[in-house]
Amino acid sequence: DEQDCERIWIHVGDDLAYDVGGSAACGARTVLMELADKYEQSERLRAPKRNRPIWDLMSKAEIEQREKMNKVAENQVTARVAFVNRLPDTILDILEDIDEERQSGDGYMP
């Protein structure tokens, strides 16, 4: 019965400020997907200290604000994954942690 199911939100993304920070602010557990540098897919590789892509239209003020948001979000990462094939196990680990919290009386608090 769907009414007996408690919903758990686990958000997976590569962007600290928006994927992690935004979803954690809404109550989600978070997985930061940081693929190996050779794939050049993680937001971290587009950081202000590195060359921004030519299509990036962020102003200096926006980049500075994003850096602040990244620092806050760093403390909201539930788990990190470097390889996509590790994602299912990582999600299972998070679910097990939530079960342990419930059993210990701490309850699930995102």
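Here is what the cut-offs are and how they apply
Residues numbered from 1 in each chain as written. Predicted model: local features only at pLDDT ≥ 70, side-chain atom pairs only at ≥ 80, totals over all residues. Heavy atoms only, no water. Pairing = 2+ DSSP bridges. Helix = DSSP H or I, 4+ residues; strand = E, 2+ residues; numbered from the N terminus. Right-handed = clockwise from strand over helix to strand, strands pointing away. Core = buried A, V, L, I, M, F, W, Y, C linked by side-chain atoms within 4.5 Å. Buried < 20%, exposed > 50% of the residue type's maximum accessible area, 1.4 Å probe, protein only. Contact = heavy atoms within 4.5 Å. Polar contact = N/O pair within 3.5 Å; in protein donor to acceptor, adjacent residues only side chain to side chain.

Participant: Can you help me understand the pairing of strand 1 (residues 10-13) in this one?
Facilitator: Successive residues of a regular strand alternate their side chains across the two faces of the sheet. Pairing analysis gives 4 bridges linking strand 1 to strand 2 (residues 29-33), with the strands arranged parallel. Within strand 2, the position partnered with Val12 by the bridge is Val31. Taken together, strand 1, helix 1 (residues 16-25) and strand 2 constitute a β-α-β crossover, and its handedness is right-handed.

Participant: Help me out: how do you make sense of the nonpolar core in this one?
Facilitator: Core analysis: the largest hydrophobic core is formed by 8 residues, namely Val31, Met33, Leu35, Ala79, Val81, Leu87, Ile94 and Ile98. For this core, the secondary structure elements donating two or more residues are strand 2, strand 3 (79-81) and helix 3 (87-104). For this core, the leading source of residues is helix 3, giving 3 residues. Not counting chain neighbours up to four residues away, the residues in contact with Leu87 comprise Val12, Val31, Met33 and Val81.

Participant: What is the right way to read the pairing of strand 2 from this model?
Facilitator: A large share of strand 2 lies buried, amounting to 5 of its 5 residues. Alternating residues of strand 2 divide into Arg29, Val31 and Met33 and Thr30 and Leu32, and every residue in both groups is buried.

Participant: I keep staring at helix 1 and nothing clicks. Help me out?
Facilitator: Along an α-helix, residues three or four apart share an orientation, since each turn contains 3.6 residues. The buried fraction of helix 1 is high, at 7 of 10 residues. Residues of helix 1 that are buried include every one of Leu16, Ala17, Asp19, Val20, Gly21, Ser23 and Ala24, and no others. Here the buried face of helix 1 lies against strand 1, strand 2 and helix 2 (60-74). Put simply, Asp15 is the residue that caps the front of helix 1, since its side-chain oxygen is 3.1 Å from the backbone nitrogen of Ala17.

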